[in-house]
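Chains, contacts and geometry: an overview
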Amino acid sequence: MTVLNLIKICLAFATAALIVGTGTVVGLFWHFSHGLPDHKQLADYQPATLTRLYAADGKLLAEYAREKRVFVPVAAMPKRVLEAFVAAEDQRFFTHPGIDFIGVLRAVVANVANPGKRPEGASGLTQQVAKNFLLTNQATLARKIREAILAFRIEETYSKERILELYLNEIYLGSGNYGVAQAALNYFDRSLDELSLSEIAYLAALPKAPNRYNIVRNEKEAYARRDYVLNRMTEDGYITAAEAQAAKAEKLQYRRRGATEVAQADFFAEEVRRNLMAAYGEKGLYEGGLTVSTTLDPAIQATADAALRDGLIAYDRRHGWRGAYAKIPDMSVWEEEFARIAQRRPLAGPPAWQLAVVNKVDAQSIQIVGLPDGEGTVPFTEMTWARPTLQNQTLGAGPRGPRDVVAVGDVIVVEKVDKPAGAGAKPYPPRTYALRQVPNVEGGVVVMDTQAGRVLAMSGGWSYGRSQFNRAVQAARQPGSAFKPFVYLAAMDAGFTPASIVLDAPFVYDPGYGQPLWTPKNYGGDMLGPTSVRRGLELSRNLMTVRMAQQVGMKRVVEVAKEFGVTDSMGSYLPMALGAGETTLLRMTMAYAMLANGALEITPSLVDRVQDRNGKTVYRHEPRTCRGCGETAGGARPAAPELVDSRKPFHDPAAVYQVVSMMQGVTTRGTAGRLAALGRPIAGKTGTTNDAHDNWFLGATPDITIGVYIGFDEPRTLGAQETGGGNAVPIYEAIAREIFKGKPPTPFRVPPGLRMVRFSYEGGTIDEVFKPGTEPGSEGYMVTPLDGSAPYSAIDPTAGPQQAGSPRRPGLSGTGETY
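Rules used throughout
- Residues numbered from 1 in each chain as written.
- Predicted model: local features only at pLDDT ≥ 70, side-chain atom pairs only at ≥ 80, totals over all residues.
- Heavy atoms only, no water.
- Helix = DSSP H or I, 4+ residues; strand = E, 2+ residues; numbered from the N terminus.
- Buried < 20%, exposed > 50% of the residue type's maximum accessible area, 1.4 Å probe, protein only.
- Contact = heavy atoms within 4.5 Å.
- Areas by Shrake-Rupley, 256 points an atom, 1.4 Å probe, with all protein chains shown as cover.
- Salt bridge = Lys/Arg side-chain N within 4 Å of Asp/Glu carboxyl O.
- Pairing = 2+ DSSP bridges.
- Axes fitted to C-alpha atoms, helices over the stretch in contact; angles between N-to-C directions.
- Arc of directions from axis to C-beta.
- Phe/Tyr/Trp six-rings, centres within 6.5 Å; stacked < 30°, edge-to-face > 60°.
- Lys NZ or Arg CZ within 6 Å of the ring centre and 35° of its normal.
- 1 Å grid on protein atoms, 1.4 Å probe; cavity = no way out; pocket = protein on both sides within 12 Å on 5 of 7 lines; lining within 4 Å.
- Points joined across faces, edges and corners; volume = space filled by probe spheres on them.
- Nonpolar A, V, L, I, M, F, W, Y, C, P; charged D, E, K, R; others polar.
- Core = buried A, V, L, I, M, F, W, Y, C linked by side-chain atoms within 4.5 Å.
- Left-handed = near helix turned anticlockwise from the far one by under 90°.

1. Focus on the overall build of the chain
Each helix and strand counted, the chain has 20 helices and 28 strands in total. Burial statistics for the chain: of 819 residues in total, 50% are counted as buried. Considering only contacts within the chain whose residues lie at least 6 apart along the sequence, 67% involve residues at least 24 apart. Carbon together with sulfur atoms contributes 54% to the accessible area of the chain, which is approximately 38,500 Å² in total.

2. Thoughts on the pattern of salt bridges
Across all of its chains, the model carries 50 salt bridges by this definition. The partner of Arg225 in a salt bridge is Glu89, and the shortest N-O contact between them spans 4.0 Å. Of this pair, Arg225 sits in helix α9 (residues 219–235) while Glu89 sits in helix α2 (residues 79–89), and the two are 136 residues apart along the sequence. Here the two residues Arg225 and Glu89 agree in accessibility, since each one is buried. Residue Arg674 pairs with Glu733 through a salt bridge whose shortest N-O separation is 2.7 Å. Residue Arg674 is located in the loop between α19 (653–669) and β20 (683–688), and its partner Glu733 is located in helix α20 (residues 724–739); the two are separated by 59 residues in the primary sequence. Among the charged side chains, a network of salt bridges with common partners joins Arg534, Arg535, Glu538, Arg669 and Glu768.

3. Looking at the sheet that holds strand β17 (residues 617–620)
Spatially, the 5 strands line up as an open sheet ordered β2-β1-β5-β16-β17, and their pairing is mixed. Looking along the sheet, the strands with just one partner apiece sit at the ends: β2 (60–64) and β17. Averaged over neighbouring strand pairs, the angle between their axes works out to 15 degrees when direction is ignored. Bridge analysis of strand β16 (residues 607–611) against β17 gives 3 bridges, and the strand direction is antiparallel. What sits directly across from Val610, in β17, is Tyr619.

4. What to know about helix α17 (residues 554–563)
Met554, Val557, Val558, Val560 and Ala561 are the residues of α17 that are buried. Projection of α17 onto a plane perpendicular to its axis shows the buried side chains occupying an angular sector of 160 degrees, all on one side. Elements that come into contact with the buried residues of α17 comprise α14 (484–493) and α16 (542–552). The positive-phi residue at the C-terminal boundary of α17 is Gly565, with phi of around 80 degrees.

5. Notes on the packing of aromatic side chains
The tally for this structure, following the rule as stated, stands at 20 aromatic pairs. Note on Trp321 and Trp385: the rings are 6.0 Å apart at their centroids and 80 degrees apart in plane angle, and the pair reads as edge-to-face. Here Trp321, found in the loop between α12 (298–318) and β6 (326–327), pairs with Trp385, found in the loop between β9 (374–379) and β10 (410–416); they are 64 residues apart in sequence, far enough to count as distant. We classify Trp321 as buried; its relative accessible area is 9%. Linked through ring pairs, Phe483, Phe486, Phe564, Tyr592 and Phe650 together constitute an aromatic cluster. Over the ring of Tyr325 we find Arg345, and its NZ or CZ is 4.0 Å from the ring centre. Over the ring of Phe712 we find Arg716; its NZ or CZ atom is 3.8 Å from the centre of that ring.

6. Overview of the sheet that holds strand β22 (residues 704–711)
Pairing in this open sheet of 5 strands is antiparallel, and the strands run β13-β12-β22-β21-β20 from one edge to the other. Edge positions in the open sheet fall to β13 (455–459) and β20, since each of these has one partner strand only. Shown here is a sheet whose adjacent strand axes are inclined to one another by a mean of 5 degrees, direction ignored. Pairing geometry for strand β21 (residues 694–700) and β22, over 7 bridges, is antiparallel. By the bridge assignment for β22, Asp694 is matched with Gly711.

7. Description of empty space enclosed by the protein
On inspection of all chains with the given rule, the structure shows 2 cavities of 30 Å³ or more. The element that contributes the greatest number of residues to the lining of the largest cavity is α12, accounting for 3 residues. In terms of residue class, the lining of the largest cavity is made up of 3 nonpolar, 1 polar and 3 charged. Estimates place the volume of the second largest cavity at around 30 Å³. The residue inventory of the lining of the second largest cavity, partitioned by class, reads 3 nonpolar, 2 polar and 2 charged.

8. Observations regarding the environment of Ile99
Counting through the fold element by element, Ile99 comes out in the loop between α2 and α3 (101–113). Between the C-alpha atoms of Ile99 and Gly124, which are 25 residues apart in sequence, the distance is 6.4 Å.

9. Details of the nonpolar core
Counting residues in hydrophobic clusters, the biggest one holds 132 residues, and the most contacted among them are Val447, Phe486 and Phe564. The greatest single-element share of this core, amounting to 10 residues, is contributed by helix α18 (residues 585–596). Those residues in contact with Phe486, other than ones at most four positions away along the chain, are Val560, Phe564, Val566, Met588, Ala591, Tyr592 and Leu595. Counting 52 residues, the second-largest nonpolar core is a separate cluster that includes Leu125, Leu164, Leu166 and Leu168.

10. Quick word on the packing of α14 against α17
The N-to-C vectors of α14 and α17 enclose an angle of 115 degrees; their axes lie 9 Å apart at closest approach. The interaxial crossing formed by α14 with α17 has right-handed handedness. Along its contact with α14, which presents Phe486, Val487, Leu489, Ala490 and Asp493, the element α17 presents Arg556, Val557 and Val560. When grouped by side-chain class, the residues that make up the contact of α14 with α17 number 6 nonpolar, no polar and 2 charged.

Written out as structure tokens, the structure is:
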């Protein structure tokens, strides 16, 4: 065989091999091209970004996300960040068509030459985008082929800058950080444009192995990898050797993100989260990057939390000592046992409260250990309240000494005190503590904007850490006497007036065959006889209420209750007139707000506005329109914007105001009379259910409505003498004092056409409110003025004088005014 023939044979074999190889590659590409994900979906890439909740004053309230990420467009990223990642991950990124063939060949040679070492990869940035967005992490040849095909397609469709943007916002960089911007914040507490060259190189070092190069856990390897990136940047001409040397000399400072000022409102935030989940779904909430402006006022929330906490503590202390928080049987191992107890049952309460262990019991004090500052003393004077709690919230005998309260090994709750309660008391020695107890009673508070329904604060219980059950919105409870204003409103609709006389006397109701007779009673069991309707509401007379409900008809009472949103479903049974139906604190607060605003419809809202990831407003809660907002005056001084309320009353405003007027008497002369000290008009009503299972108070001004509820999660009596006036009203008062501090009183708006007549009744002399023709002294809708002039029609007050009174009848004096 000649050399020429040998050459021909070799060429033939080479040609055949090339044809087969090319065919094989083409065949593989054709085979794996089918069923690939559509790479064009990357054009609509919206990374999973966190949703943030903000209070009304701009403070951060909560964040919700599956992946911590801050999206930054590539145009806003510093050029050095792009260069560092390209140098570290894909040196020829800007020149190759999607696959770096030189890099692939180098990796193959390296892997063949070093069979015992970990194989080197050769995936460029485009291939990583294909894998991260469109494929799985499965390490197979099939996946690598699909990855290569997609890389070519991505390069044909998108610019290099767009590919970098996708990569740098999606890449995982350890410690729960997704994207380079989020990593910069969490590693160095800096934005991208604030990073030093050394910090940029470190972030670019992380994609290869984020955990391995963690600066806190593996400092040596982290610095080595950072220096490698700096060397690569130098070789590629992005930085000078001097810059690289200076960056290598810089010590990386891991800085935790500064403490963001966060509003504390756990129950409120959780209710917002539940509402957002219902509106936008799980994906929208945890990946949608929503910006949510809530209605929360942090100052009012803090006041509401403190007032509810203090009110629950005051109630709990009145009902005695239930025993130690926990017990340690063997004091030889008290430290280990105490640590386990503190971990299993973390203390939920005011920050100043602490757990401690009783180490010694003396005649007039106890010694405690386990405190952060060592040992302490609890004098018996700070334990005398601890009478044992008995059945039905009654009390046992008072303790004669510390041994009647605690024993060695008891884990108790204490609070550091400086001196005994009371003026002029001498200070205690250092490290003196008082005995405390975590209440087992619960409660809720809602503070609402009367006109718009914005929820300014919401407290759902003693502590969110102890129980996430929100008593303000999730607890369905009987409102008791707090329901009565709606019975009285139905009565006003039916022709009653605040001056009408109703019998406060025994009442017997026969519900029908086979049912026992119902015989309601007043709280305390007394009866006043013939009494004005106003006084009946002020003193919360049950017998008068059921008499009116029977005369008006429970069907009408139920209609009024539904109209004001107290309930969606309620039986037309007479006991319902005394608040036997169930509702929630949020609903009752809304209903009272609509009484106070003159029957203008509101929807309770915890959210003012929701914006999507692009800043577009997708939800806004505001029942009013703004006239002049956003308008320009062409250089002239613009007029002040005006809120225009186009809502119309859904109920007769005159009847509503009559009830509101009577409710103001509750807070000055009635069951909530202590609120008169606040010196402002408050329309309120106390509520106490049968056997005192639940206590309520709801009070409204034209601006703010506050609802308070107290009760046990498993309904049982609060105690024979516990009422809404004694429990819930003090909580309301504490909140109202703080909210209204330094603000002038705002009177309730009087609807046109009503008549105010100076009137004497059981509670004193007041300006009573009447619909035209119903005031005392009208004779067939005629009013006789005191000045002796001719009688005129009360239906048309303009027909006579603007001021008129009644003829000299019992209970009337002075003049009346038409509004």
